[in-house]
Amino acid sequence: MNDITTTRIAMWSGPRNISTAMMRSFENRTDSAVVDEPFYAYYLAQTKLKHPMYQQILASQSNRWQDVVEQLLTDHEIENNGREVFYQKHMTHHMLKDIDLDWTNHLKHCFLIRNPLYVINSYVKKMPSVNNDDIGIVRQYELYQQLCEITQSDIPIIDSKDVLENPESVLSQLCQQLDIPFEQRMLSWPKGRRDSDGVWSSHWYQNVENSERFGEFIEPVIQLTDQQKALADENDKYYQALYSKRIKPES
């Protein structure tokens with residue numbers, strides 16, 4: 001068995017962000033393994049929400065949060081393969097209120113945020129309806145407060161627009177705050193699917209499967225109903241509170 005101390009990193013995002021591209025970035029490091037949304041099946045089992053590929057997702061992961069936590073904290077295959085970084089891609093809305101968060105004290109954390117207008121504008125292209133729970137921005141704000149208290153640390157925050165506009169600056173600063181070395185390999189990756197991708201990837205990951213790097217930021221054309229715009233406005237105060245604490249790109 002290798003004498004490896006693994007840094008376990010939890011990246012907390014909402015849907016329709018660059019979370020999968022960020023997972024690609026970390027997986028392309030020389031020292032990292034990744035896991036893709038390990039609480040998804042638990043979330044669907046509890047909420048009964050009929051997401052695309054509902055049955056396949058339930059069958060692909062444990063439906064108990066306690067089992068998922070054990071996997072995230074004691075996956076010895078990571079150490080045995082000599083991986084020094086275990087990157088965990090998490091969706092904030094998967095963290096239902098009955099989950100005991102004490103386990104998070106064993107991880108390092110980062111929050112990946114995105115303007116609610118952009119999130120909702122993208123989300124409704126894939127799903128027929130949207131509400132606060134679906135996009136997870138309020139939950140992201142709550143988790144930030146809770147995890148900062150649990151870990152007694154100032155958790156770094158990165159914004160997707162900043163990453164797209166200056167990935168090297170943002171990621172190098174993030175790595176510094178996480179006490180891991182930055183690697184240029186994080187800025188590009190091979191096209192295609194990964195064995196690490198969740199079973200749901202065929203529905204959601206077409207763009208990232210065709211990507212080789214972080215894409216250029218392009219201001220999206222916002223096409224929302226009045227109700228969807230109101231939802232974005234409602235979430236903006238939580239987004240802005242996190243945005244004010246973000247890592248800023250260096251010029």
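Quick notes on the rules
- Residues numbered from 1 in each chain as written.
- Predicted model: local features only at pLDDT ≥ 70, side-chain atom pairs only at ≥ 80, totals over all residues.
- Heavy atoms only, no water.
- Helix = DSSP H or I, 4+ residues; strand = E, 2+ residues; numbered from the N terminus.
- Buried < 20%, exposed > 50% of the residue type's maximum accessible area, 1.4 Å probe, protein only.
- Contact = heavy atoms within 4.5 Å.
- Areas by Shrake-Rupley, 256 points an atom, 1.4 Å probe, with all protein chains shown as cover.
- Lys, Arg positive; Asp, Glu negative; His and termini not counted.
- Charge placed at Lys NZ, Arg CZ, Asp CG, Glu CD.
- Pairing = 2+ DSSP bridges.
- Disulfide = S-S within 2.5 Å.
- Axes fitted to C-alpha atoms, helices over the stretch in contact; angles between N-to-C directions.

Colleague: Which residues make up the overall build of the protein, and what are the values?
Modeller: The helix and strand tally for the protein stands at 13 helices and five strands. C-alpha extents for the protein along the principal axes are approximately 60 × 45 × 40 Å. Evaluated residue by residue, the protein yields a buried proportion of 54% over its 251 residues. A fraction of 80% describes how many contacts in the protein between residues 6 or more apart in sequence connect residues 24 or more apart. Of the roughly 12,000 Å² of accessible surface on the protein, 44% is carried by carbon and sulfur atoms. Considering the protein, the positive charge centre built from 26 side chains and the negative charge centre built from 36 side chains are found 5 Å apart.

Colleague: Can you tell me about the environment of Q177, naming the residues and giving the values?
Modeller: Mapped onto the elements of the fold, Q177 is located in helix 10 (residues 167-178). Between the alpha carbons of Q177 and D154 there is a distance of 9.7 Å; along the sequence they are 23 residues apart. Ignoring any residue separated from it by four or fewer positions in sequence, one finds Q177 in contact with P156 and I247.

Colleague: How would you sum up the pairing of strand 2 (residues 32-36)? Please name residues and give values.
Modeller: Of all five residues in strand 2, five are buried; the element is thus mostly enclosed. Here strand 2 shows no split at all, with S32, V34 and D36 on one side and A33 and V35 on the other all buried. Of the strand pairs in this sheet, strand 2 and strand 3 (residues 85-91) are connected by five bridges, and their pairing is parallel. Its bridge partner being in strand 3, S32 is matched across the sheet by V85.

Colleague: Lay out the state of the cysteines with the relevant residues and their values.
Modeller: In total, this model carries zero disulfides according to the counting rule given. Unpaired in this structure, C148 has its nearest cysteine sulfur neighbour in C110, at a distance of 11 Å. The exposure class of C148 is buried, given its relative accessible area of 14%. In this structure C175 is a free cysteine whose sulfur lies 9.6 Å from that of C110, the closest cysteine sulfur available.

Colleague: Tell me what's going on with the environment of A232, and back it up with residues and numbers.
Modeller: Assignment of secondary structure puts A232 in helix 13 (residues 226-243). The class for A232 is buried, based on a relative accessible area of 3%. For the pair A232 and F182, spaced 50 residues apart in sequence, the C-alpha to C-alpha distance is 34 Å. Setting aside residues no more than four positions away along its own chain, A232 makes contact with P116, L117 and I120.

Colleague: So, the pairing of strand 1 (residues 7-13): which residues are in play, and what are the values?
Modeller: With seven of seven residues buried, strand 1 lies mostly within the body of the structure. Neither face of strand 1 is left uncovered, since the one carrying T7, I9, M11 and S13 and the one carrying R8, A10 and W12 both have all their residues buried. The pairing of strand 1 with strand 3 spans seven bridges and is classified as parallel. If you follow M11 over to strand 3, its bridge partner there is K89. Here strand 1 runs beside strand 4 (residues 108-113); their pairing, made up of five bridges, is parallel. Across the sheet, I9 pairs through a bridge with K108, a residue of strand 4.

Colleague: Report on unusual backbone geometry, specifying residues and quantitative values.
Modeller: In this model, R16 sits at a positive phi of 55 degrees, which is unusual for a non-glycine residue. Unlike most non-glycine residues, D179 shows phi in positive territory, near 60 degrees. Examined against the element boundaries, D179 turns out to sit in the loop between helix 10 and helix 11 (201-204).

Colleague: Go over the sheet that holds strand 4 with me, naming the residues and quoting the values.
Modeller: One open sheet accounts for five strands, arranged 2-3-1-4-5; its pairing is parallel. Each edge of the sheet is formed by a strand with only one pairing partner; in this case those strands are strand 2 and strand 5 (157-159). The average angle at which neighbouring strand axes cross in this sheet is 20 degrees, direction not considered. Where helix 4 (residues 65-74) meets the sheet, it contacts strand 1, strand 2 and strand 3, and its direction lies at approximately 150 degrees from that of strand 3.

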